[in-house]
Structures are given as structure tokens and as C-alpha cells.
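Coordinates in review
Each chain, written out:
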Amino acid sequence: MKIQASCRFWKICVLIGAVLVTACTPSAPATSPQPDESGAAASTPTTAPANTPASTPTPAPEGSAPQTSTPESQLPPSWPDITLVETLSGLRNPVDLASARDGSGRLYVVEQIGLVQEFSNGVQGQSPFMDIRDRVSCCGERGLLGIAFPPDFAGSRVLYVNYTTTLPGTLHTRVSRFRLRTGVHQVDPDSEEIILQFSQPWRNHNGGQIAFGPDGNLWIGTGDGGSGGDPQDNGQKGQTLLGKLLRIDVASTTDAPYTVPADNPFVGNDEFLDEIWAYGLRNPWRFSFDRATGDIYIADVGQNAWEEVNFQPANSPGGENYGWRITEGLHCYNPSSGCSIAGQTLPVAEYDRANGLSITGGYVYRGQDQPSLQGIYFYADYVTGRIWGLRSVNGLWETKLLLDSTHSVSSFGEDEAGNLYLLDYSGTIFQIQAANQN
């Protein structure tokens, strides 16, 4: 995320071939742990990339039957009204929420400073579940940024975190494994095993999301290294882990901290590091898996004009190029006009500065208690507090503003049952519910 900001909002509807983006009107603003600390302002690109698909629906083939109205039985369900129900409070700058899916029903909330708080039946533990403040470099866009529990957590009692740390004068991103203390449900800070570590040239755009996919592998979202405009072009470079979605196997029984799955798309390609699954990202805050389908949604924070949501189907072999810094959203960035989108995977939704400044990605609702929310991907803007829904209907993507809130939405989370939560950076967590659920 962008703990300050450099981004956008919307007043438009964009239909890109089979990609429909329905936008909504703006209103009042709100500030973030995904800020653009550089404050660098590049000129806002206005020219569409070369080869951009037409922004109108594809016409029916010649000689085909005239179009008729869609039968009522085939119409998509109406968008729900949503409400936010306060669930947890008293936290310090929460930036992630997770469940171990171990049958306990516990929730774990990451506080950016380097703490993880545990909640059981809504009651916070007397002491932190995890405390690694002594090694976390915080704050701004730095800090303890993500937590992930492996599928075998109940037996292995290990978990993984993503945080920034300072090593002899240099900022690094570190992904580490920790173990619980013997006989106690609390992390042993001395049990750290560093899995992956790489330097950060600037203090912003650290990504920070980690998650176990349906395949059992650990997925890691990394920012482009910071500053403004990706001056090192890390998003497009194959020989750096910056600006990427990574996929590694941490369940390996070898002596190495991890192995690379043999089916990663760039294994054996000398132009790319083996760990890379996809590239062309600026600062993915956040990505998530649809627990029902395995599809991936990636919310990528923009530079100074466009925020975007990217989609990757579960059957993808990987290797996608999401465009940064050639494009920002569906628009040229470098060069500012006439850029080629050949080989790129375009976003399924975007919004401009009229609607927000820093996107925060969420999850697809797959719980049972709120049927009208079923299948909707939720995302928000950290600065303005606006919350949108996104879904694919008859092969077209549509998105709608669902709530214009006053919250600084730093992250989303889901519990074991699939209920969705929204994190306000000021310290309160809300459950997302339908306003008039029958």
C-alpha cells in the first residue's frame, strides 16, 4: 500500500474487449502504510497505448440474429448494500489480518511496528502472539507487513512473516519462518529462520503480502524498490526480485531454506530469476486467492494517475507481465505516449485520481452468512475510504462503488469461515456485511 499517496479515481466506464469496468462518481477524500515517500511527481500520461483494444463492445458478426434483451432469469444479481460492523479495536496501525485455518477460529492481526495480536472469540490475548520489534525497521511503508500460516500449521506450529529490516546501513525485505514456543501458543522470537532476503534501494514500495496458495507454495508480492517512476526499471527487469510476484516451496526437506517449483514459468530462462511467477508490478498492496476457484487478484498501487486491479486465472502457467513501468493502469507511462502493450496482461479494473490515491486489495467473499456478497471481490482506497466490489458477469468485468466510508483502509482479511474484514489504520477492524441480509 502507499502510506501516503500517489494515485487516482474514476468517473468512467471502460470496456476493454471482454473487460468491462463500470465506474462511480467521486466525493470526499481521507492518508497510508503504502505512501509514496518520494513525493516525485511525473507528468500524467494521457495517451492510450498502441494496440489498445477498442473501448466499445465488440459488434455482433454480420448476418447474426439481432440482439434481444437478456431474459430476466439470466440477469446478474443486483449489487448489495453493505455495512461495516465494528469487530475489534484498540490496535496500533494494523496492516494485515489472517486465520491459521486450524479449526481454532483465532484471528491474528499484524501491527506494523513488529507485533502480532491474537484474538479468540473477539478477545485479545493478554500478551502479543509475536514480538519482533527488535529487528523490524518501521514505519512509513516499512515494518512488519504480512503474515502467512502454512496448511499444516496445527501440526508444524510454524508460520511465516514479511518485514523490512536494516542491515549495516541498508534496508532489506526479509521473509522468515518462526516457530511457536514449546507448550505455549506464542511465537519464539529466537526461532527465526531467514527464508529469503533482498535489499531495497529506497524506503518505499516494499510490497509485503505473503500467502500460501492452493498449491501449498508460498507466494510473495514485492514492490519495485521505491523512489518515483521506478528509476531502475525493476518492474520489467528479470534479474531482480523487485516488482514481482514470487512463488517458492518452503516445505522442502532439503537443507536449502526453500526450493523453486519446477513448473515456475521462468525456470531455465537465463533472463529471469527462477523464483519469479509474474512481473511488471509497482507496489502490489494486496494480492489474494479466491478460496473457491484459486484465481488470483492483485491490487497494484499506481504512480500519479491510475490505480489498478489485475486478475490471474487459477489455470495460468504464470509469466504474466502486468505492464509497469511501461503502463500505469490501461495508460502509457514510460514512454508517455505510443507505448506498446504487446505481451502485457491488462488490468480488469482501474480508477483515477478523482476517486482515490492508493488502492488496497481485498478478497473474494466465499462465506455462508452473507449470500448477497457471494463471489464479489472487495477492494478500497486508503486515502478516500471508498470501497468497491468487482465481479465477472457473462464474461465481462464490472465494478461498483459499494460504500463511501471515512476509514483509512490499510488492508482486508478473511477468517476460517470466509467472513471478510476491513482494517482501519487508526486501529479498528470491521466485518463487511450486507446491509439488509435476509
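Notes on the structure in this doc start here. (Residues numbered from 1 in each chain as written. Predicted model: local features only at pLDDT ≥ 70, side-chain atom pairs only at ≥ 80, totals over all residues. Heavy atoms only, no water.)

**Details of the sheet that holds strand 14 (residues 218-221)**
As a reminder, the rule being used: A pair of strands is considered paired only if DSSP assigns at least 2 bridges between the two. Helical segments are the DSSP runs of H or I of at least four residues, strand segments are the runs of E of at least two, and each set is numbered from the N terminus. To define axes, lines are fitted to C-alpha atoms, for helices over the stretch in contact only, and angles between the resulting N-to-C directions are given on a 0 to 180 degree scale.
Sheet architecture is open: 4 strands sit in the order 13-14-15-16, paired in antiparallel fashion. What marks the edges here is a single partner per strand, and that holds for strand 13 (210-212) and strand 16 (276-279). Recorded for the sheet is a direction-independent mean angle of 20° between the axes of neighbouring strands. Relative to strand 16, strand 15 (residues 244-248) runs antiparallel, the two sharing 3 bridges. Across the sheet, residue Leu246 finds its bridge partner in strand 16, namely Ile276.

**Here we look at the pairing of strand 11 (residues 170-180)**
As a reminder of what qualifies: Exposure classes here rest on a 1.4 Å probe applied to the protein chains alone. A residue is buried below 20% of its type maximum, exposed above 50%, and partly exposed in between.
With 9 of its 11 residues buried, strand 11 lies for the most part within the structure. Two elements, strand 10 (residues 158-167) and strand 11, share 10 bridges in a ladder whose sense is antiparallel. Each bridged residue has a counterpart across the sheet, and for Thr165 the counterpart in strand 11 is His172. Counted between consecutive antiparallel strands, the loop separating strand 10 from strand 11 contains 2 residues, among which Gly169 sits at a positive phi close to 80°.

**Details of unusual backbone geometry**
The peptide bond linking Trp285 to Arg286 adopts the cis configuration, its omega dihedral lying at 10°. Along the chain, Arg286 falls in strand 17 (residues 284-289). With a phi close to 50°, Asn93 is a non-glycine residue in the positive phi region. Topologically, Asn93 is positioned in the loop between strand 3 (82-88) and strand 4 (94-98). Of note, the phi angle at Arg101 is positive, near 50°, even though the residue is not glycine. By relative accessible area, which is 46% here, Arg101 ends up partly exposed.

**A word on the environment of Asp188**
Note the following rule: It only takes one pair of heavy atoms within 4.5 Å for two residues to be counted as in contact. N or O atoms within 3.5 Å of each other form a polar contact, as long as, within protein, one can give a hydrogen and the other can take it, and as long as residues adjacent in sequence are counted only when both atoms are side-chain atoms.
Looking at where Asp188 falls in the secondary structure, it is placed in strand 12 (residues 187-199). Here the alpha-carbon distance between Asp188 and Asp131, two residues 57 residues apart in the chain, equals 8.7 Å. When near neighbours in sequence (up to four residues on either side) are disregarded, Asp188 contacts Phe178, Arg179, Leu180 and Arg181. Among the polar contacts made by the side chain of Asp188, one reaches the main-chain amide nitrogen of Asp190 at a distance of 2.9 Å.

**Let's talk about the pattern of salt bridges**
Heads up, the condition is: By definition here, a salt bridge exists when the distance from a side-chain nitrogen of Lys or Arg to a carboxyl oxygen of Asp or Glu is within 4 Å.
Summed over the entire model, instances satisfying the criterion amount to 16 salt bridges. A salt bridge links Arg174 to Glu192; the shortest N-O distance between them is 3.7 Å. Of this pair, Arg174 sits in strand 11 while Glu192 sits in strand 12, and the two are 18 residues apart along the sequence. The exposure class of Arg174 is buried, given its relative accessible area of 9%. Residues participating in the shared-partner salt-bridge network are Asp134, Arg135, Arg174 and Glu192.

**As for the state of the cysteines**
Condition: Two cysteine sulfur atoms form a disulfide, by the criterion used here, when they sit within 2.5 Å.
Scanning the model with the defined rule gives 2 disulfides in all. Residue Cys138 pairs covalently with Cys139 via a disulfide, S to S 1.8 Å. Taking the sign of the S-S torsion, 85° for the link of Cys138 and Cys139, the bridge is right-handed. Under the relative-accessibility criterion, Cys139 is labelled partly exposed at 27%. Residue pairing for Cys332: its cysteine sulfur links by disulfide to Cys339, the two sulfurs lying 2.2 Å apart.

**Structural notes on the packing of aromatic side chains**
Applied cut-off: Any pair of Phe, Tyr and Trp rings, taking the six-membered ring for Trp, is counted once the centres come within 6.5 Å. Such a pair is stacked with planes under 30 degrees apart, edge-to-face with planes over 60 apart, and tilted for the rest. We call a charge positioned above a ring when the Lys NZ or Arg CZ atom is no farther than 6 Å from the ring centre and deviates by at most 35 degrees from the ring normal.
In the structure shown here, the tally under the stated rule is 19 aromatic pairs. Considering the side-chain rings of Tyr377 and Tyr379, the 5.9 Å spacing of their centres and the 20° angle between planes classify their relative orientation as stacked. Among the residues examined, Tyr379 registers a relative accessible area of 0% and is labelled buried. In this arrangement the basic side chain of Arg282 is found over the ring face of Trp324, its NZ or CZ atom lying 5.6 Å from the centre. A cation sits over an aromatic face here: Arg391 above Trp79, 3.9 Å from the ring centre.

**Let's talk about the sheet that holds strand 23 (residues 359-364)**
Strand order across the open sheet formed by 4 strands is 23-24-25-26, with antiparallel pairing between neighbours. For this open sheet the edge positions go to strand 23 and strand 26 (396-404), each flanked by a neighbour on one side alone. Neighbour to neighbour, the strand axes of the sheet diverge by 25° on average, direction disregarded. With 4 bridges connecting them, strand 23 and strand 24 (residues 377-381) associate as antiparallel partners. Counted as the bridge partner of Gly361 is Tyr379 from strand 24.

**Remarks on the side chain of Ser191**
Within the element layout of this structure, Ser191 appears in strand 12. At a separation of 2.6 Å, a polar atom in the side chain of Ser191 contacts the main-chain carbonyl oxygen of Asp188. With near-sequence residues (within four places) excluded, Ser191 lies in contact with Arg177, Phe178 and Arg179.

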